[in-house]
Amino acid sequence: MSYSLNVLVPGTVERLATELYPRLTAFDRIRDRHTLVVKRFENRSYDRLRETLRTPLANEPPFEVRVTGIDAFETPVRGDGPVVYLTVESPGLLALHERLVDRFGAIEGLEGDEYVPHVTLARGGSPSAVEVLRDAELDPVMWTVSELCVWSAEYREVAGTIPLRG
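The structure presented is a predicted model; accordingly, all values stated were derived computationally and were not measured. (Residues numbered from 1 in each chain as written. Predicted model: local features only at pLDDT ≥ 70, side-chain atom pairs only at ≥ 80, totals over all residues. Heavy atoms only, no water.)

Engineer: What am I meant to see in helix α2 (residues 46-57) here?
Structural biologist: Each turn of an α-helix holds 3.6 residues, which means side chains three or four residues apart point in the same direction. For α2, with twelve residues, the first-to-last C-alpha span of 16 Å sits near the 16 Å given by 1.5 Å per residue. The complete set of buried residues in α2 reads Tyr46, Leu49, Leu53 and Leu57. Taken end-on, α2 shows its buried residues confined to a sector of 60°, consistent with a single buried face. Seen from the open side of α2, the exposed residues pointing more than 90 degrees away from its buried face are Asp47, Arg48 and Thr55. Buried residues belonging to α2 abut β1 (3-8), β3 (35-41), α3 (91-104), β8 (147-152) and β9 (157-163). (Helix = DSSP H or I, 4+ residues; strand = E, 2+ residues; numbered from the N terminus. Expected span 1.5 Å × (residues − 1). Buried < 20%, exposed > 50% of the residue type's maximum accessible area, 1.4 Å probe, protein only. Arc of directions from axis to C-beta. Contact = heavy atoms within 4.5 Å.)

Written out as structure tokens, the structure is:
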């Protein structure tokens with residue numbers, strides 16, 4: 001089974017996605033659940049993954065995250081494109097991703113040097129629909145991440161949470 005270690009986004013980001021919804025209707029699929037992937041794990045059981053993550057996350061401190069705009073992956077590594085997303089800035093998130101990749105390895109094309117922190121909004125639209133969104137002005141949204149969640153790709157829900165106490 002596939003899981004990912006994610007940041008749950010706050011209500012302010014969910015509200016932003018809701019405000020953008022009218023502009024997202026030009027896309028084939030609109031994301032209804034919003035998360036921010038820190039690291040993907042393929043072919044692992046939940047119990048084993050949770051135990052495996054306990055040590056590297058034991059002293060991990062909370063970190064700041066900031067949504068600053070909208071961008072797109074024109075030709076994504078997986079699935080139909082383009083993929084429109086909220087851009088994310090976070091030195092703490094990037095550092096955590098790097099530590100986890102060093103320990104567990106990278107999924108080619110998605111992680112390591114190719115990792116782009118983002119919150120997916122929609123996929124499968126025209127270039128003009130992408131440009132309309134890229135031109136949208138957003139008030140930045142900032143929050144502190146104090147826990148991470150293990151996300152089940154199969155069930156599309158949180159399987160468990162891990163507090164950051166460092």
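From this point, the narrative continues.
Engineer: In this structure, what is going on with the environment of arginine 156? I would like to understand it.
Structural biologist: Tracing the sequence through the fold places arginine 156 in the loop between β8 and β9. For arginine 156, a relative accessible area of 38% corresponds to the partly exposed category. Spatially, the C-alpha atom of arginine 156 lies 17 Å from that of glycine 79, the residues being 77 residues apart in sequence. When neighbours within four sequence positions are excluded, arginine 156 is seen to be in contact with Asp32, Arg33 and Trp151. Side chain to side chain, arginine 156 and aspartate 32 meet in a polar contact 2.9 Å long. (Polar contact = N/O pair within 3.5 Å; in protein donor to acceptor, adjacent residues only side chain to side chain.)

Engineer: Which parts of the structure should I look at to understand the packing of aromatic side chains?
Structural biologist: The geometry of an aromatic ring pair is captured by the separation of the ring centres together with the interplanar angle, meaning the angle of the planes. Within this structure, the stated rule accounts for three aromatic pairs. Ring geometry for phenylalanine 41 versus phenylalanine 104: centroids 5.4 Å apart, planes at 80°, classification edge-to-face. Linking phenylalanine 41 in strand β3 with phenylalanine 104 in helix α3, this pair joins segments that are 63 residues apart in sequence. Taking relative accessible area as the criterion, phenylalanine 41 reaches 2% and is therefore assigned buried. Given the relative accessible area of 19%, phenylalanine 104 is considered buried. Between lysine 39 and the ring centre of phenylalanine 41, over which it is positioned, the NZ or CZ distance is 5.1 Å. (Phe/Tyr/Trp six-rings, centres within 6.5 Å; stacked < 30°, edge-to-face > 60°. Lys NZ or Arg CZ within 6 Å of the ring centre and 35° of its normal.)

Engineer: Explain the pairing of β1 here, please?
Structural biologist: Along any regular strand the residues' side chains alternate between the sheet's two faces. In terms of burial, β1 is a largely internal element, five of the six residues being buried. Relative to β3, β1 runs antiparallel, the two being bridged by six bridges. Within β3, the position partnered with valine 7 by the bridge is leucine 36. Two elements, β1 and β8, share four bridges in a ladder whose sense is antiparallel. Counterpart to asparagine 6 in the pairing with β8 is cysteine 149. (Pairing = 2+ DSSP bridges.)

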